[in-house]
Amino acid sequence: MTPANRSDKVHLRAFTEADLAFLDRLCTDPDALGEFEWPGFGDPRARRKRWEIDGYISAESAAVAIARPDDTVIGIATWKPRGFPSGVTYEIGVGVLPEHRGQGVGTMAQRLLVDYLFGRTTANRIEALTNGGNLAEQKALERLGFRREGVMHGRSFQHGEYVDVLVYGLLRSEHCPGTP
């Protein structure tokens, strides 16, 4: 049996028109992104419009599909430039559909995204923000070599209360491609 965190279990690819139903689900299904990522109901047409404009790949922000070997989309991986000048730091994030969580695919997708950004861009730093209660994401980032750098108290509002957001960072010099 192949471990769930092996790269042959998931890959990243650009979204296609066939993936629009998946993108719609992110706006209409509260469980799709999970309790820590779902921002509330949104206009699913906005995601379709974004796909028509740039296919979710632009200098301002980008998103790609997390897909199984059979090309079934099971999540989304995102990145956007932060800091100055543009291209030195990227903030990343992933969301995996609930029926695929707990299998290591989110960690694998983040590893693939980190390898991509350090291998194909001028990034010197990659950072990720996560809800203070999202222990699974914290562990995944730490397995990839990210260090917890700080806490932004009361930065987000979720489920009727203000919650802390943790900041994680990884420098190019600290990165080991293919880890874990």
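Since the structure is predicted, the reported quantities are computational estimates derived from the model, not experimental observations.

Caption draft 1: Structural context of the pairing of strand S4 (residues 89–96). When you tally the buried positions in S4, you get eight out of eight residues, the bulk of the element. Pairing geometry for strand S3 (residues 73–82) and S4, over eight bridges, is antiparallel. Looking across to S4, one finds that Lys80 is bridged to Glu91. Hairpin connection from S3 to S4: six residues lie between these consecutive antiparallel strands, with Gly83 at a positive phi of about 75 degrees. Where S4 and strand S5 (residues 125–131) come together, three bridges link them in parallel fashion. Bridge assignment links Thr89 to a residue of S5, and that residue is Arg125. Crossover S4 to S5 through helix H3 (residues 105–120) is right-handed.

Caption draft 2: Representation of the environment of Gly132. Relative to the helices and strands, Gly132 is located in the loop between S5 and helix H4 (135–143). By relative accessible area, which is 30% here, Gly132 ends up partly exposed. As a C-alpha pair, Gly132 and Ser173 span 41 residues in sequence and 27 Å in three-dimensional space. Setting aside anything within four residues of it in sequence, one finds Gly132 in contact with Gln138, Asp164, Val165 and Leu166.

Caption draft 3: Geometry of the packing of helix H1 (residues 20–28) against helix H2 (residues 44–54). With their axes 8 Å apart at the nearest point, H1 and H2 run at an angle of 140 degrees to one another. In terms of their interaxial angle, H1 and H2 are classed as oblique. For the pair H1 and H2, the sense of crossing is right-handed. Contact with H1, carried on its side by Leu20, Leu23, Asp24, Leu26, Cys27 and Thr28, involves Pro44, Arg47, Arg48 and Trp51 of H2 and no other residues of that element.

Caption draft 4: Quick look at the sheet that holds strand S1 (residues 11–13). Read across the open sheet, the seven strands follow the order S1-S2-S3-S4-S5-S7-S6; overall the sheet is mixed. Among the strands making up the open sheet, the edge pair consists of S1 and strand S6 (147–158). When strand polarity is set aside, the average angle formed by the axes of neighbouring strands in this sheet is 30 degrees. Pairing of S5 with strand S7 (residues 161–171) involves seven bridges; the strand directions are antiparallel. Opposite Ile126, over in S7, you have Leu170 as the bridge partner.

Caption draft 5: Region of interest: the packing of aromatic side chains. The full count for this structure, using the stated rule, is four aromatic pairs. With a centroid separation of 5.7 Å and an interplanar angle of 55 degrees, the aromatic rings of Trp79 and Tyr116 are classed as tilted. Placement of the pair is Trp79 in strand S3 and Tyr116 in helix H3, with a sequence separation of 37 residues. A relative accessible area of 12% places Trp79 in the buried class.

Caption draft 6: Structural view of unusual backbone geometry. Geometrically, the link from Phe84 to Pro85 is a cis peptide bond, its omega value of -10 degrees lying close to zero. In this fold, Pro85 is placed in the loop between S3 and S4. A positive phi angle, close to 75 degrees, is found at Tyr56, a residue other than glycine. Relative to the assigned elements, Tyr56 resides in the loop between H2 and strand S2 (62–67). A positive phi is found at Asp71, a non-glycine position, where the angle reads about 80 degrees. Along the chain, Asp71 turns up in the loop between S2 and S3. Judged by its relative accessible area of 37%, Asp71 falls in the partly exposed class.

The rules we used
- Residues numbered from 1 in each chain as written.
- Predicted model: local features only at pLDDT ≥ 70, side-chain atom pairs only at ≥ 80, totals over all residues.
- Heavy atoms only, no water.
- Buried < 20%, exposed > 50% of the residue type's maximum accessible area, 1.4 Å probe, protein only.
- Helix = DSSP H or I, 4+ residues; strand = E, 2+ residues; numbered from the N terminus.
- Pairing = 2+ DSSP bridges.
- Right-handed = clockwise from strand over helix to strand, strands pointing away.
- Contact = heavy atoms within 4.5 Å.
- Axes fitted to C-alpha atoms, helices over the stretch in contact; angles between N-to-C directions.
- Parallel < 35°, antiparallel > 145°, perpendicular 65-115°, else oblique.
- Left-handed = near helix turned anticlockwise from the far one by under 90°.
- Phe/Tyr/Trp six-rings, centres within 6.5 Å; stacked < 30°, edge-to-face > 60°.

Shape is all these values report; function is a separate question.
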